[in-house]
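Residue-level structural notes
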Amino acid sequence: MHRVIRRIGDASARRPWVTIGLWTVLAVLVIGLAGTVGGKFADDLVAPGSQSERAMELLEERFPQAAGGSAKAVFAAPDGERLDRYRPAIQAALARIADAERVAAVADPFAAGTVSPDGRIGYAEITFDRPSAGLGPEPIKAISDALEPARTAGAAAEVGGDAAFINGETETSGTEVAGLLAALVVLLVVFGTIVAALVPIAIALITVATGLAGIVLLAHAMDVTSAAPSVAALIGLGVGIDYALFIVARYHENRTSGQDNRTALSNAMAAAGSSVLFAGGAVIVAMSALLLTGLGLLASIGLSTALVVLFAVATALTLLPAILSLLGDRIDSGRIVRRRSPAKRPEDGAWWRLAHRVSGRPWPYLLGASALLLTLAAPALWMQTGYPDAGDDRTSTTHRRAYDLLAEGFGPGHNAPLLLVADLRRPGVTAQTIPELSERLAADPGIATVGSPRTSPQGDAIVLPAIPTGAPADPKTSQTLERVRALVPPNVAVSGMTAMTDDLTRQLDKTLPIFIVAVLAASFLLLMVLFRAVVVPLKAAVMNLLSIGAAYGVVVAVFQWGWFADLFGLDGTYLIASPLPTIFFAVLFGLSMDYEVFLLSRIRENYDTTRDSTESVARGLAGTGRVITSAALIMTVVFLGFVAHPSPLVKMLGLGLSTAILLDATIVRMVLAPAAMALLGHANWWLPRWLDRVLPHLNERAETPPQQPEPAPAPATSQS
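Before going into details, it helps to say that this report is about the structure given with it. Please read these numbers as outputs of a predicted model, since none were measured by experiment. Position labels on residues start from 1 in each chain and follow its written sequence. Local features in a predicted model are, by the rule used here, given only for residues with pLDDT of at least 70; side-chain atom pairs are given and counted only at 80 or more, and totals for whole chains, interfaces and linings are based on all residues. Hydrogens and water are ignored here; the side-chain numbers use all heavy atoms of the structure.

Attention now goes to the packing of helix α12 (residues 228–256) against helix α23 (residues 613–640). Interaxial distance between α12 and α23 falls to 10 Å at its minimum, and their mutual angle equals 155°. Taken together, the axis directions place α12 and α23 in an arrangement best described as roughly antiparallel. Crossing of α12 over α23 shows right-handed handedness. Across the interface between the two elements, Leu234, Ile235, Leu237, Gly238, Val239, Ile241, Asp242, Leu245, Phe246, Ala249 and Glu253 from α12 touch Gly623, Val627, Ser630, Ala631, Ile634, Met635, Val638 and Phe639 from α23. Helix axes are fitted only over the stretch in contact, all axes being lines through C-alpha atoms; the angle between N-to-C directions runs from 0 to 180 degrees. Numbering goes from the N terminus for both helices and strands, where a helix is a DSSP run of H or I of at least four residues and a strand is a run of E of at least two. These descriptions rest on fixed angle ranges, namely under 35 degrees for roughly parallel, over 145 for roughly antiparallel, 65 to 115 for roughly perpendicular, and the rest for oblique. Note on convention: the crossing is left-handed when the near helix lies turned anticlockwise from the far helix by less than a right angle, right-handed when the turn is clockwise. The criterion used for residue contact is that any of the two residues' heavy atoms lie within 4.5 Å.

Here it is as structure tokens:
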């Protein structure tokens, strides 16, 4: 594999303008196609095989009017006033809503009786001509704009309900730019020159731009959730910078050791380029494994992120060597940090001394690091998951303000409506026994009200709405849902956004162990083939689990328990968003494998030469410690930027990712890994002979790496 990557890098470096031209054509083509035939994002929250899915399919088949999405225009008079005082302005707003795109019908709150008992708050039910997941943000924005007459008159007017929450526009906070600037500062410290620091940033931006366009094209072929581009861009930015950093750092190291530019680049591609290929492969495998959950939401996030990482690997292995070959010595232009003299020997470096200090007393370091990670992971044992609702969002959004007004005027359960769908073609409840079913539902302590039944045009299906007493994310609402489903006959299925997200959470809880085992198995096989060892992949899996567990624990302590809530700008406690543990594991396991592959590749290089286990670990750490730490710092600051985002869900994602990366690159790679490898000694690289014969040889090195050109003979000088 080293030979293949070397040849790819050499080919790109020999014809840099051709390579850059091809990438330009590819980027223009992908971005152009995305703008013309690209699809729209749709949030698929259906759990396959669930009761809520069956109910939605029945609605679409028998009762398409009831299958359309819905929202609520919520109006509130100032304290001490009644809403009917603003009736003319509200009706003017409703007339404008009726003319908005995708609106099929809108009800007058005064005629429909949807005004609170105190007369201050009311809502207009809005029905769309398509399901909520396929609406997009434009209709919601149009409805919000249509409410202006009511606002001008002095009433509060907001857009809430399922469709508004799902399709609300995502605000940006500028954290991405802050993360890039922080990454640039780290790169300036690492390389000391502006040009060398800008190269990884440029590669990452090209990766993300092309990858995001590819995601838009992917949305043309399948449902892609609106969260997929954000997650993919976050990961793509981090790995794009890191992969370029790995190669540029090795290239810089080779040049510093005396190799000419061409040889230094070729050798850097053979070594660091191969590590990038396998590291990127690990991330792609981990993200693609989200398909195993069977959930469209996670599958689209996994495939979208894998696509961006694929672009990151491709740009690092082709576009980067082309740019470096064109720059030549200009890579050192714009020096702003004084170059430090490199250590003449590994023993002169701090990383070499750290590795020997750890290997000299491995047990204390191993036990101490493990104890720290296990302590941080402990809160994860009490993790409670749930799907986020509008009540978890920031108060600056219209759907959150509508949520609060509905809860104030009608009770928290009004934000968690249930929809019972009866299939009258099957045995069970009939049109005549629906009133009896309504009475039994109303008798449940968790049900506040039961609405009037609606019959499909063909008379073969009935829809019965019910309002629980609890909020969507309240565990008591989930218990009410269980009782309702146990109460209804077999031809009745319960749906609604609350039921759908509850089914989604339950399926995620069931599939997470299967997903973890699948990712661990795939990564174990990949590392076993790459390093031709059994113990090293097992050690890597255990250590990755420790760092991921610690990230879980930190997220639980901050968001679920409220520790340091003020520091992170939180105004309450939150359940852990049910998709996040699965997404965390895929992303963090993949990214931690980046550092594992990069470190172990250098250790294996030295071990193949010296056959000294302890010394190879020390030399491997000395050669990669600074780069891995810098790469992790870049990834951490990029992720930490999202902690400043106003959305608690985005904060949760940023804190979990940054914590795991920081722990993995420091405690795990710099302390735990050297200690464990020192204790295992030569057993690290043990591989049964029969397995050695079976496994493919992917990591063979080129027999004759490029040699330094012979210096030209000095011209003869005449004697006078």
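Structural remark: α-helix, 3.6 residues per turn; residues separated by three or four positions point the same way. With 13 residues, helix α19 (residues 475–487) should reach 18 Å at 1.5 Å per residue; the first-to-last C-alpha distance of 19 Å fits that figure. All buried positions along α19 are accounted for by Thr477, Ser478, Thr480, Leu481, Val484 and Arg485. For α19, the angular spread of the buried residues around the axis is 155°, confining them to a single face. The outward face of α19, more than 90 degrees from its buried face, is lined by the exposed residues Lys476 and Ala486. Taking the backbone nitrogen of Lys476 as reference, a side-chain oxygen 3.0 Å away marks Asp474 as the first, capping residue of α19. Expected helix span is computed as 1.5 Å times (number of residues minus one). Throughout, exposure labels follow a simple rule: accessible area from a 1.4 Å probe, protein chains only, divided by the maximum for the residue type, with under 20% read as buried, over 50% as exposed, and the rest as partly exposed. Arc definition: directions from the helix axis to the C-beta atoms. Under the rule applied, a polar contact is a pair of N or O atoms within 3.5 Å (in protein, one hydrogen donor and one hydrogen acceptor; residues adjacent in sequence only if both atoms are side-chain atoms).

Right, let's get into the packing of helix α1 (residues 2–14) against helix α13 (residues 261–288). Put simply, α1 and α13 touch, their axes get as near as 8 Å, and they point 125° apart. Put simply, α1 runs oblique to α13. Crossing of α1 over α13 shows right-handed handedness. Here His2, Ile5, Arg6, Gly9, Asp10 and Ala13 of α1 lie close against α13, whose contacting residues are Leu265, Ser266, Asn267, Met269, Ala270, Ala271, Gly273, Ser274 and Leu277. In this count, Pro and Cys sit with the nonpolar residues alongside Ala, Val, Leu, Ile, Met, Phe, Trp and Tyr, while Asp, Glu, Lys and Arg are called charged and the others, Gly among them, polar. Looking at the contact of α1 with α13 residue by residue, the classes come out as 7 nonpolar, 6 polar and 2 charged.

The next subject is the packing of aromatic side chains. Given two aromatic rings, one states the distance between the centres and the angle between the planes to describe the pair. Pairing of aromatic rings covers Phe, Tyr and Trp, the last counted by its six-membered ring, and requires centre-to-centre distances within 6.5 Å; plane angles under 30 degrees mean stacked, over 60 mean edge-to-face, and any other angle means tilted. One pass over the full model with this rule turns up 9 aromatic pairs. Between Tyr552 and Phe584, the aromatic rings sit 6.3 Å apart at their centres with planes inclined by 35°, giving tilted as the arrangement. Of the two residues, Tyr552 is situated in helix α21 (residues 535–560) and Phe584 in helix α22 (residues 580–610); the sequence distance between them amounts to 32 residues. Given the relative accessible area of 12%, Tyr552 is considered buried.

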